[in-house]
Amino acid sequence: MSEELYKEMAQSIIDGDSDIAIELAKRSIELNMHPLETITKGFVIGVNYIGDQFGLGEAFLPELVMAGEAMKAAVAVLEPELLKLGEAREMLGKVVLATVEGDIHEIGKTLVGTMLSASGFEVVDLGVDQPSEKIIGKALEINADIIGMSALLTTTMVRQREVIEELDKEGLRPRIKVMVGGAPITRDWVTKIKADGYSEDAIGAVKIAKDLVGKGDQ
Amino acid sequence: MQPKLTLLSDEIIARILSEAYELLIKPGIKVQNAGARELLAAAGATIDSKTDVAQIPASLVHKALETVPRDFYLYDYDGNPSVHYGGDNVHFDPGSSGITMLNPETLEHDTTETEHLIRLLKVAEQLPQYDAQSTAVICHDVPKEIQDSYRLYLVLLHSKKPIVTGAFTNKTVQEMIDMLSVFAGSAQAASEKPRAIFDVCPAPPLIWSNFGAGNLIALARAGVPAEIVSVPLSGAAAPVTMLGTVTQHTAECFAGIVIHQLAKAGSPIVWGGAAAIFDMRKGATPMGAVETAMLDCSYAQVAKTLNMPTHTYLGATDSKLVDAQAGLESGISAMVGALSGINMISGSGMLDFLACHSAEKLVLDAEGIAMAKRMIGGVKLHTDTLATGFYDDKINFKGGDFLKQKATMQLFREEQHLPSSVIDRDSTRAWKAAGSLDAFGRCKIRVTELLASYKRPEIDPAQERRLYAFMLDLTKKTGVDILPLLEHYQP
């Protein structure tokens, strides 16, 4: 019975259908299914599948984003149940995301946020045009494991280095890891500014983030 | 609304038709086939017995245009109508009868043999952009007498798609018609659901050769579709002006259709060609020239005023390599052909004035064809409101807002053509990570993938046995016991 339902849950994520995902989440509560198992055995399977398909070039950005949105919707239904049980979903880690100061591009960063949270990270997305002190301040406030920074311009990507230098100065690394992304970012740049990781796309970012928090196998 | 490209005014088309009728009388059409002359004479044309020149009155053309089918289908192996000749339907097939093939490693133009044709068939079979296969190259490893029928045999074994083909002699056209009948089970079955169409060429200027006219008659009587491939060369074998060339093309098509319909009224025939300008520096016939595309667009427009199905040769290049020239000439001319609403556009995969074929170019051209087909798909109305419906209460004034909409997921595939890996849209770093390949390099990889994923279609063993026996019989008549690979396919 629950096997059948898990399959439907995964499918609702693959179809990017938030309405059905919410409906299935509610039904699992009525059936007294454990919310954590519902997430890990049902919905997460769908996210992983669509992520793999994207990596293979078989799925496309709208499908990825819709899957992420459906996942968020399902988890929002299940989280209060977890709290009632006195449990919390074990998150893979906490991430602060931002587009650096002077830069207002954020489609890629938002995608990374969607996929990270769909994959089990707690994500705080600060938005665009964020100065280093705000990014670091938020990371300290929530005790973040990772800071992720985006920059689309060669003129603004230097801000990524500023944040890293600031973290080093405060002795906050390696406790806080740094991921960077954006069109002008090259591997050379990543090495030069001593960032901990970067990725070509949102699916790659999930893998990097998992590696950085030592949960590459999940 | 399918976007259309037209180059001629109604007034000019009327003058083209009028002068074409004049050309049929003066200087007339040289008809070098006795059977065709007899048909024409019996129908009222005047024949000069010394010169074999026929004067064909307009009334014969009018009568032929009344009986010729306005549209018809070619069928795939499973009997589905999959190529629709008529109206503004657009289809593409690989070019025909290449004599060399680009070797992707040495970049030499190798003389073509059986293995080359099979390589092209395997690639084209898996590319949906190609609506039909063609007998793409000549197999120089079999005796001359069976080179045309053997190509058809190989296509029938390796493909389910309709076939654009052609014969080299009057004897072999009958053998190929018979081969199609044997494969289909009967002559009636082969003509009721035709699998193949035969290109038939007049010789410019204004000549229907013994072989060309003979083919027209044989095909008409068998009810197997024929495709006129008139090849006027502006400035050499046709007037230097485009309008003069198109008028000569019209007269050649008129004469062909008259002979064909006199042989059997109601048989399907297509208004086609491989017109080109004549290059005045090199004496070549450039298929990638923009004027060549303009000639084709123009004669197709003439055909459409007569409600005739259409064909042309575009999507080819004169370059010797799959390079930038190949991409631009093939892409631009494929686009012109599609925008002209031409029913069958042959030529993809071909380099070097239609002499050389390339599997790598086939996969590149498939992308150009996909773009051309997307173009003629037009700008569509998908939603009740154009834009306002997209701005619901979830809009956050962020760049990614529309990625989260159901409509995006439902409609992006219809709105956007998703190219294969041949088209590079990677970031610079991803492109570098993949080996910094140019288009030719990516094409080579794609060809390797397609060759690996190809599976020969399942064909009824009884049919395959009949086909094999028929081909073996033709082969033995040439004094050769076996063909390359023939034993390999022995059922």
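Residues numbered from 1 in each chain as written. Chains lettered and ligands numbered in written order. Predicted model: local features only at pLDDT ≥ 70, side-chain atom pairs only at ≥ 80, totals over all residues.

Moving on, we get to the sheet that holds strand β8 (residues 109-111) of chain B. Residues and elements named next belong to chain B. With mixed pairing, four strands are arranged side by side in an open sheet as β8-β7-β20-β19. The open sheet has two free edges, formed respectively by β8 and β19 (350-351), since each of these has just one partner strand. Relative to strand β20 (residues 356-357), β19 is paired through two bridges, and the arrangement is antiparallel. Paired with Leu 351 across the two strands is Cys 356, which belongs to β20. (Pairing = 2+ DSSP bridges. Helix = DSSP H or I, 4+ residues; strand = E, 2+ residues; numbered from the N terminus.)

Often, the extent of an interface is quoted as the loss of accessible area on bringing the components together. With 11 residues of chain B in contact, the opposing surface of chain A contributes 16 residues. Of all the elements in the fold, those that place two or more residues in the side of chain B that touches chain A are α13 (406-415) and α14 (428-433) of chain B. Ranked by residue count, the leading element in the side of chain B that touches chain A is α13(B), at three residues. For the side of chain B that touches chain A, the per-class residue count stands at four nonpolar, four polar and three charged. (Contact = placed C-beta atoms within 7 Å. Nonpolar A, V, L, I, M, F, W, Y, C, P; charged D, E, K, R; others polar.)

Right, let's talk about the pairing of strand β15 (residues 269-273) of chain B for a bit. Most of β15(B) sits inside the fold, with five of its five residues counted as buried. Because side chains alternate across β15(B), one face comprises the buried residues Ile269(B), Trp271(B) and Gly273(B), and the other comprises Val270(B) and Gly272(B), equally buried. (Buried ≥ 20, exposed ≤ 12 C-beta atoms within 10 Å, placed from the backbone.)

Glancing now at the nonpolar core. If you look at the biggest cluster of nonpolar residues, it comprises 138 residues, and the most contacted ones within it are Ile56(B), Val258(B) and Ile259(B). Per element, the largest residue contribution to this core is 11 residues, and it comes from helix α9 (residues 242-263) of chain B. (Core = buried A, V, L, I, M, F, W, Y, C linked by C-beta atoms within 7 Å.)

All names here are of chain A. The domain boundaries assigned to chain A delineate domain 1 (2-84) and domain 2 (93-212). The centre of domain 1, based on its C-alpha atoms, is set 26 Å off from the matching centre of domain 2. Of all elements in the fold, only α3 (35-55) and α4 (61-84) reach the threshold of two or more residues within the side of domain 1 that touches domain 2. Looking at side-chain class alone, the side of domain 1 that touches domain 2 contains six nonpolar, three polar and one charged residues. (Domains from an automatic or database assignment.)

So, on to the packing of helix α1 (residues 2-14) of chain A against α3(A). All names here are of chain A. Where α1 meets α3, the axes come as close as 7 Å, and the angle between the chain directions of the two elements is 35°. Classified by chirality, the crossing of α3 by α1 is right-handed. Residues Leu 5, Tyr 6, Met 9, Ala 10, Gln 11, Ser 12, Ile 13 and Ile 14 of α1 touch α3, and the partners they reach there are Thr 38, Lys 41, Gly 42, Phe 43, Ile 45, Gly 46, Val 47, Tyr 49 and Ile 50. Of the residues in the contact of α1 with α3, the class split is 11 nonpolar, five polar and one charged. (Axes fitted to C-alpha atoms, helices over the stretch in contact; angles between N-to-C directions. Left-handed = near helix turned anticlockwise from the far one by under 90°.)

This next bit is on the confidence of the model for chain B. Confidence in the prediction of chain B, expressed as mean pLDDT, is 95, and 99% of residues score 70 or more. Here the complex is predicted with pTM 0.91, and the ipTM for its interfaces comes to 0.80. (pLDDT = per-residue confidence, 0-100.)

We now examine the sheet that holds strand β18 (residues 344-348) of chain B. Residues and elements named next belong to chain B. Ordered by their spatial adjacency, three strands build an open sheet running β6-β18-β17, and the pairing between neighbours is parallel. Each having just a single partner strand, β6 (91-94) and β17 (311-313) make up the two edges of the open sheet. Between one strand axis and the next, the sheet turns by 25° as a mean value, whatever way the strands run. When β17 meets β18, the two strands line up parallel, connected through three bridges.

Right, let's get into the environment of Ala64(B). All names here are of chain B. For Ala 64, the location among the structural elements is in helix α3 (residues 58-67). Along the sequence, Ala 64 and Ala 265 sit 201 residues apart, while their C-alpha atoms lie 7.4 Å from each other. Dropping the residues within four chain positions of it, Ala 64 is found in contact with Ile 257, Val 258 and Gln 261.

All names here are of chain A. Taken N-terminus to C-terminus, the directions of helix α5 (residues 107-118) and helix α9 (residues 202-212) make an angle of 50°; their axes are 8 Å apart at the nearest point. Judged by the inter-axis angle, α5 sits oblique to α9. You can see that α5 and α9 cross each other, and the crossing is right-handed. Along the contact surface, α5 presents Leu 111, Val 112, Met 115 and Leu 116, while α9 presents Ala 202, Ile 203, Ala 205, Val 206 and Ala 209. Within the contact of α5 with α9, the residues separate by chemical class into nine nonpolar, no polar and no charged. (Parallel < 35°, antiparallel > 145°, perpendicular 65-115°, else oblique.)

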